Amino acid sequence: MKTIWLTSLGSSQDAVNKFMHQMKTYGLEAKGHFWKDDLKKLAWMAPRDDLIDSKIPLWAILGSEEELLNPDIRYGLSLLAITVQAKRSPGFPIIILQTQGDPVSADQLAIPLKGADIFSASDPGIGAKLVAKAHKTPKQIFLEYTIDIYGNDQIGQWFEVRPDSSTWPGAMFGVDSGEITFHAVGPCGKLPSKSVLNYPMEGLKLNLGDKEYTAWAARNELNTETSYFVKVDGFPESILFGPYSTEEAADVYVIKLK
C-alpha cells in the first residue's frame, strides 16, 4: 500500500479523518500533520523530512480558499515546496484539495505551487485521481538553477542557490522586503562552516518592473558542487537571484513566494 502525505491547513480532525478513510478504500494510506502558521519559528519546516522520504509519492494539501490565499500560509508552503522539490525533483507531485470558497486557480498560487493539481475535496472521483497520481512517474522538469532552503528558529532561514548544469562567475541574491543579513559560499547541500568571499557586495539596488530589490553578491565561481548561501530576516514577497553580472541588464530568476 502506498503512503501519501497530507497537510491540513485547517484544524478540523473530522475532515482529515474522512479523507484518510476515503483513501484507504482506494488502497492508499495517508499520513500527515496539521499546519502551524508560525513563520518566525520556521514551523513550516516540520514535515520536511517526511516529504523528502522517497517512499512518499505525492503531497496533498487540504485547505479552504481563505487558507490557500493567506499570505503567511502561502509563504510557508512556498518554502516547504522549494526544499522538497530540491531534494525530490522539481516535478514532485503536489495536489491541492480545496474544501471551501470560490475555486482557486493556478494563477493565484505562488510560483513554487503553480504546478500543483487543484481539485475540490468533495470531488467524488478524488480517490481514483490520487491513486493514479501516486502510481504515475513524476514529470521531468529541467531548471537552469537549483534552490533550496535551510534553517530553524535558532539559525534563521537560509537560501541556497547554484547553477544546475553550468558555471556562474559569482552570484547575486535579492529580496523585495525583509533583509539579507549574511552570505557565504561553500559546498552544496549544507550550510558552510567557514567561507571566503571574493569581492563581496551588499545593498545593491535592482529594479524589475515597478519592484525594487535589495541584493547582496559575491564573485566566487559557482558550479553544480558549489553554492551561494544567503540568510534572510523577514518574509519577502519575492526573491531574485542569478549569476553575478557587471552589465546593467542581467539575467536573473524571480520567484514569488506569497
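See the structure shown above.
Residue indices begin from 1 for each chain and proceed along its sequence in written order. This being a predicted model, a pLDDT of at least 70 is required before a residue's local features are given, and a value of 80 or more before pairs of side-chain atoms are given or counted; all residues contribute to the totals for chains, interfaces and linings. With hydrogens and water excluded, all non-hydrogen atoms of the structure serve as input to the side-chain values.

(A) View of the sheet that holds strand β7 (residues 156-163). Taken in spatial order, the four strands make up an open sheet running β6-β7-β12-β9, and their pairing is antiparallel. Looking at the sheet topology across the chains shown, the edges are occupied by β6 (145-152) and β9 (179-187). Pairwise comparison of adjacent strand axes, ignoring direction, gives a mean angle of 20° for this sheet. Throughout, a residue-residue contact means that at least one pair of heavy atoms, one from each residue, lies within 4.5 Å. A fitted line through C-alpha atoms represents every axis, and for helices the fit uses only the stretch in contact; the resulting angles, taken between N-to-C directions, go from 0 to 180 degrees. Numbering goes from the N terminus for both helices and strands, where a helix is a DSSP run of H or I of at least four residues and a strand is a run of E of at least two. Contacting β6 and β7, helix α4 (residues 71-87) runs over the sheet at an angle of about 120° to β6. The pairing criterion is simple: DSSP has to find at least two bridges between the two strands.

(B) Representation of the packing of helix α1 (residues 13-24) against helix α5 (residues 126-135). Interhelical geometry of α1 versus α5 gives an angle of 65° and a closest axis separation of 9 Å. Put simply, α1 runs roughly perpendicular to α5. The crossing of α1 and α5 is right-handed. Mapping the contact onto sequence places F19, Q22 and M23 in α1 and I126, G127 and L130 in α5. Residues of the contact of α1 with α5, tallied by class, amount to four nonpolar, two polar and no charged. An angle below 35 degrees is read as roughly parallel, one above 145 as roughly antiparallel, one from 65 to 115 as roughly perpendicular, and any other as oblique. Crossings are assigned a handedness: left-handed for a near helix turned anticlockwise from the far helix by less than a right angle, right-handed for a clockwise turn. Side-chain classes follow a simple rule in which Ala, Val, Leu, Ile, Met, Phe, Trp, Tyr, Cys and Pro form the nonpolar group, Asp, Glu, Lys and Arg form the charged group, and the remainder, Gly included, forms the polar group.

None of this, on its own, says anything about what the molecule does.
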